[in-house]
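# Understanding the architecture of this molecule
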Amino acid sequence: MVDKNKKPFKKDNPEMVEAFEQILKAPEANSELTQNAIGVDIGTSKTVFAMNGKGNGHKDYFSQLNAFIAVPYSRFTENILKQNKIHHYKLADSLIVYGDGAEVFANMLNTETRRPMRNGLLNAKEANAIEIMKGILNDMIPSAPFPNTPLCFSIPGVPKDAATDIIYHEAILKRHLDEKGFKSRSINEGMAIIFSELERENFTGFGVSCGGGMCNVCLSYLSIPHITFSITKGGDHIDDAVASVTNEVNTRIRDIKENQLDLLANPDNEIEDALQIYYDDLIRTLIRTMKESIEQTSKIPKVDAPIPIVLSGGTAKPNGFKERFENCLKEVNFPLEISEVRLAKDPLRATANGALIAAMFEG
Amino acid sequence: MAELFEPEKLPPKSYRLRIEKLAEQITDPVQKLKFLNKALADYNREKDQQIEFVELPMGNGRRRTFFMVILGLAALAGGVGAFVAFSQGKIKLTIARHFQTRTEQMVYHPMADTTIETAAIEPLPEKGPEVHQPETAVFPEYPDTLVWMIEKTNESEYYSNRLRIFTSQTIENIPRNYQQIPLAATDPPQTPGMTDKVAGILFHASESDIYAFQPEMTQSIKEYSRLLIRYIREKKAYHYFIDRFGQVYRLVREDHAAFHAGNSIWTDTESIYLDLNHAFIGICFEGKDFKNNHRRKGRTNGNGNSTHIVPMDKSSISETQLRSGKELTDWLRVKYGIPQGNCVPHCLVSVNPYDLLIGHHLDLSYDFPFDMFGLSNKYQERIPAITEFGFSYNNYFTEIMKGRIWPGIALSEEDLKKRADERKMPLKEYRRLLNNQFKKLFEQQKGRNHTKIES
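Just so you know, these numbers come straight off a predicted model, no measurement behind them.

For the rest of this paragraph, the subject is the environment of T246(A). Residues and elements named next belong to chain A. With respect to the helices and strands, the residue T246 is situated in helix α8 (residues 235-246). Taking the relative accessible area as the measure of exposure, T246 reaches 10% and is therefore buried. Once the C-alpha coordinates of T246 and A274 are considered, the two residues, 28 residues apart in sequence, prove to be 7.8 Å apart. Among all residues touching T246, those that are not within four sequence positions of it are I253, E270, I271 and A274.

Structure, rendered in structure tokens:
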């Protein structure tokens, strides 16, 4: 909290001192709206919700897989789903099972789940994508506890390597959340990482979110985003690429990647070798794009001190990712001096946490 | 693309540097964002040309260092103070009083790489009421060692005596508030004094099913503990829970009541405690003291209590759990100034107010390691329910406790008889007099108490 005994200084810009003193005078306990604020990380593979828990500074997190599977309708199946509280709805002669339960069903039926999100955006190739994402949001946050409860949801940056935009995706989600009584707004995923992890640095530095569908990058100075972009390479891209060169199924690749991959160790087999190659490719692409983006922009403030890079997201979780990133960074003549590369405290929740901080700020 | 701020509104470098210095003093991310937003939005370029900057009294980095030094000095001073006090044979540390004001200052912890609260050093308590039954007390009434918080995160608290409390599952109940009844009161006080003071600690056993404590059962043990915690939270049953691995969880806020004590009686030399849900903190050990005796199945004592339980050969509560319990008890005693006489197992306070019988609940009714906890052996001391209110016990109790009847019961009965003789009253009549006094207090308590009486 704020050290209330310290006066800022004797003589200064009156607006700044006033701003500081307003913070000093602000009540410690925030309003109900702020306390009920919600942060949502809508990623390619998961949706993570963050909200304030009971107790000082405690936060609660909930997540659901962004996945679904269609099974033929039968009353028996429907009862099983109801009894096990598995999210589903009936569509014509099918039952659409979505969220975490979809994976259970996919395993039972020995098939793959389908995705309502692709490359960080609503999947245009799936007719039910919007309904499923609405269903997941509805199940986790049925309605706003108070009218205009602030809610921030993450959106990706505009992809550097694909001709697409995020306008439709953002508008659909915002409209749905507003209809539920929230005062919603979007936050760039990289910026959310900065809000979550760079408080000590006054929100100055790079936030990099390496997710399933894409990697999002934001460079912020004093909480002002200067560069935001994304690349459409992420965990799914690595899975696809490795599966195709090793002739394995994606599920097995994903299992090895999530459970035993160590990027610091020598590969034990062909799959691990391929995983390391494609991880290197992803990291190099990411750093090269960061470098090019900085060189192409004219609005970077002159930063006196070196700035940090925070890595987050499920794709950044394997052991050695940070070290590989550091090594690749040394290979290029990066235009900004970097103080450190570090992993987010909780890579899977950092985006939702940052979105929650942004929502509380809005409240 | 949503952006919170417009980049083109960025002020010049000198102004930005000043903002940075001020922002460093705020550690709450939302507050810091608000400040940055306001400071940047309010920026006035014309006025900024005339700014004269003056150095901050102390920057954040220097303040961290300052705090770490202060903490180091405090620890050093605490150690020296304790040594001096010990060497003089009187253990009362006064150094802690310099730190009586809890600081909320946040500092950066170099080891944890996380923001934590600085140590909230609990002062040693002022001397409180002397505890009843002093003749059996062989341990100091008040703790003689400081315990203070050294780290706090969103998930846990860590204390100087190795105690770690997991705090993320803490829930609220109803604020602690109970009637303070003076010990001398034979009738209900006319002007009841309400208080929220923590007067003591009650130890409980969950008496839940237990898995064998073996490596291959780890997942089952953990899962059972998780379910038990969920149940306790639903029922708001205990303030603290210590699982089979000795992990300590705070489940109900300390400044709130928990429904752990049921109908119960305890006294110290100043007060009678009838509402221990509010007055005492409940610590529950996951474990079992009793098992089913299938040969006697179905027999009850008339109150619905079945007699088909028998004490186990050895309590399932492990040394690891007891060590955690001791650390927790030490810290609570320092924090709230709890005398050792007010730290008791549930069995010794639990009563049936209608039959006027002791031992309604029997958790921890044998083998509780009082010595290890630095407490006098309460099994051997007088039972306040008997001495103050003439409670007794029946065959049901003796049958279950066969061979393990607390010596304190005989002592209490002797005491009761002696006092009856002094008043030249038959014991039966004197007991009835005390029973009636209890009934008056109990009725008043019931009327006043908005909380759940039965746990």
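All names here are of chain B. Backbone geometry places D367, a non-glycine residue, at a positive phi of 65 degrees. By the element assignment, D367 lies in the loop between β18 (357-358) and α8 (384-389). What makes D367 exposed here is its relative accessible area of 52%. Within the chain, K424 stands out as a residue other than glycine whose phi angle is a positive 55 degrees.

Take the sheet that holds strand β3 (residues 149-152) of chain B next. Within a sheet, adjacent strands bond to each other through the backbone by hydrogen bonds, running parallel or antiparallel. Residue and element names in this part refer to chain B. In space, the eight strands of this open sheet follow the order β3-β4-β5-β10-β9-β13-β8-β16, with mixed pairing throughout. With partners counted over all chains shown, the strands left at the sheet margins are β3 and β16 (343-345), one partner each. Within the sheet, the average angular offset between the axes of one strand and its neighbour, ignoring direction, is 25 degrees. Where strand β4 (residues 156-159) meets strand β5 (residues 164-166), three bridges bridge the pair, whose relative direction is antiparallel. Following the sheet pairing, Y158 is matched in β5 by R164.

Right, let's talk about the confidence of the model for chain B for a bit. Residues and elements named next belong to chain B. This prediction gives chain B a mean pLDDT of 74; 69% of its residues lie at or above 70. Confidence drops under a pLDDT of 50 for residues 1-7, and excluding neighbours within four residues, the segment shows 23 contacts in the predicted structure. When the criterion is pLDDT under 50, residues 44-137 qualifies, and its contacts beyond four places in sequence or with other chains add up to 169 contacts. The ipTM assigned to the predicted complex is 0.82, against a pTM of 0.50.

All names here are of chain A. Running from N to C, α8 and helix α10 (residues 270-296) point in directions that differ by 140 degrees, and their axes come no closer than 9 Å. In this view, α8 runs oblique relative to α10, as classed from their interaxial angle. In the crossing of α8 with α10, the sense of the turn from one axis to the other is right-handed. On α10, the residues that touch H237, I238, A241, V242, V245 and T246 of α8 are E270, I271, A274, L275, Y278, Y279, D281 and L282.

So, about the packing of helix α12 (residues 350-362) of chain A against helix α2 (residues 29-41) of chain B. Packing of α12(A) against α2(B) leaves a shortest axis separation of 9 Å and a crossing angle of 55 degrees. The angle between α12(A) and α2(B) places the two elements in the oblique class. Note that α12(A) runs across α2(B); the crossing there is right-handed. Taken together, the residues of α2(B) that come into contact with α12(A) (itself represented by I357(A), M360(A) and F361(A)) are P29(B), V30(B), L33(B), K34(B) and N37(B). Class assignment for the residues of the contact of α12(A) with α2(B) results in six nonpolar, one polar and one charged.

With twelve residues, helix α5 (residues 129-140) of chain A should cover 16 Å at 1.5 Å per step; its first-to-last C-alpha distance of 17 Å lies within 8% of that length. Taken as a whole, α5(A) has its buried residues at A129(A), I132(A), M133(A), G135(A), I136(A) and L137(A).

Cut-off values and rules
Every chain is numbered on its own, with residues counted from 1 as its sequence reads. Throughout, the order in which chains and ligands are written sets their labels, letters from A for the former and numbers from 1 for the latter. This being a predicted model, a pLDDT of at least 70 is required before a residue's local features are given, and a value of 80 or more before pairs of side-chain atoms are given or counted; all residues contribute to the totals for chains, interfaces and linings. As a rule here, side-chain values come from all non-hydrogen atoms in the structure, and water together with hydrogens is ignored. Helix and strand labels come from DSSP, where a helix needs a run of H or I of at least four residues and a strand needs a run of E of at least two; each type is numbered from the N terminus. Each residue is placed in one exposure class: buried if its accessible area under a 1.4 Å probe, protein chains only, is under 20% of its type's maximum, exposed if it is over 50%, and partly exposed if it falls in between. Working rule for contacts: check all heavy atoms of both residues, and any pair within 4.5 Å makes them a contact. Two strands form a pair only when DSSP identifies at least two bridges running between them. In this analysis an axis means a line fitted to C-alpha atoms, helices contributing only their contacting stretch, and an angle means the value between N-to-C directions, from 0 to 180 degrees. For every residue, the predictor states its confidence as a pLDDT score lying anywhere from 0 to 100. For classification purposes, an angle smaller than 35 degrees is called roughly parallel, one larger than 145 roughly antiparallel, one from 65 to 115 roughly perpendicular, and anything else oblique. Take the far helix as your reference; a near helix turned counterclockwise from it by less than a right angle gives a left-handed crossing, and one turned clockwise gives a right-handed crossing. The residue classification treats Ala, Val, Leu, Ile, Met, Phe, Trp, Tyr, Cys and Pro as nonpolar and Asp, Glu, Lys and Arg as charged. All others, Gly included, are polar. Each helix should span, by expectation, one fewer than its residue count multiplied by 1.5 Å.

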